[in-house]
Amino acid sequence: MVVIRLARGGAKKRPFYNIVAADSRNRRDGRFIERVGFYNPMASESEKGLVVNAERLEYWKQHGAQLSPTVLRLAKQAAKAAA
């Protein structure tokens, strides 16, 4: 099953997350199919903290991908900001 989830990157105490479509059997930070966006919780005011490619997210949802609860929350947040 394909899952859209966060893959952690960045340094210690400075998290950076990629929003990825991955096989559910792969590790959290392991191999993935496609990068759909990113989330930077430490972003300053001048930097973008959340970017989501809504078209690709919708494509994966239509093909049966499940969203993790955190990605679902972030996708709603990104849609609200885009509107």
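Just above sits the structure.
Residues take numbers from 1 onward in each chain, read along the sequence in its written order. Given that this is a predicted model, residues contribute local features only at a pLDDT of at least 70 and side-chain atom pairs are listed and counted only at 80 or more, while totals for whole chains, interfaces and linings are drawn from all residues. Computation of side-chain values covers all heavy atoms of the structure but excludes hydrogens and water.

Engineer: Explain the packing of aromatic side chains here, please?
Structural biologist: How two aromatic rings sit relative to each other is set out by the distance from centre to centre and by the angle between their planes. Aromatic pairing here means that ring centres of Phe, Tyr or Trp (its six-membered ring) are within 6.5 Å. Orientation follows from the plane angle: under 30 degrees is stacked, over 60 is edge-to-face, and everything else is tilted. Within this structure, the stated rule accounts for 3 aromatic pairs. For the pair Tyr17 and Tyr39, a centre-to-centre distance of 6.2 Å together with 20 degrees between the ring planes defines the contact as stacked. With a gap of 22 residues between them, Tyr17 in strand β2 (residues 14–23) and Tyr39 in strand β3 (residues 34–39) connect regions that are remote in the sequence. For the pair Tyr59 and Trp60, a centre-to-centre distance of 5.3 Å together with 80 degrees between the ring planes defines the contact as edge-to-face. Relative accessibility under 20% of the residue-type maximum defines a buried residue, over 50% an exposed one, and the middle range a partly exposed one, all with a 1.4 Å probe and only protein chains included. The exposure class of Tyr59 is partly exposed, given its relative accessible area of 31%. The ring centre of Tyr59 lies 4.3 Å from the NZ or CZ of Arg56, which sits over that ring. For helices the rule is a DSSP run of H or I covering at least 4 residues; for strands it is a run of E covering at least 2, with both sets numbered from the N terminus onward. Comment: the charge-over-ring label is applied if NZ (Lys) or CZ (Arg) is within 6 Å of the ring centre and within 35 degrees of the ring normal.

Engineer: Looking at this structure, I do not really get helix α2 (residues 69–82). What am I missing?
Structural biologist: Since the α-helix packs 3.6 residues into each turn, any two residues three or four apart lie on the same face. The length a helix should cover is 1.5 Å for every residue beyond the first. Between its first and last C-alpha atoms α2 spans 20 Å; for 14 residues at 1.5 Å apiece the expected length is 20 Å, and the two agree. Residues of α2 that are buried include every one of Val71, Leu74, Ala75 and Ala78, and no others. Angularly, the buried residues of α2 cover 105 degrees about the axis, an arc narrow enough to put them on a single face. Turned more than 90 degrees off the buried face of α2, the exposed positions are Pro69, Lys76 and Lys80. In this context, the arc is that of the directions from the helix axis out to the C-beta atoms.

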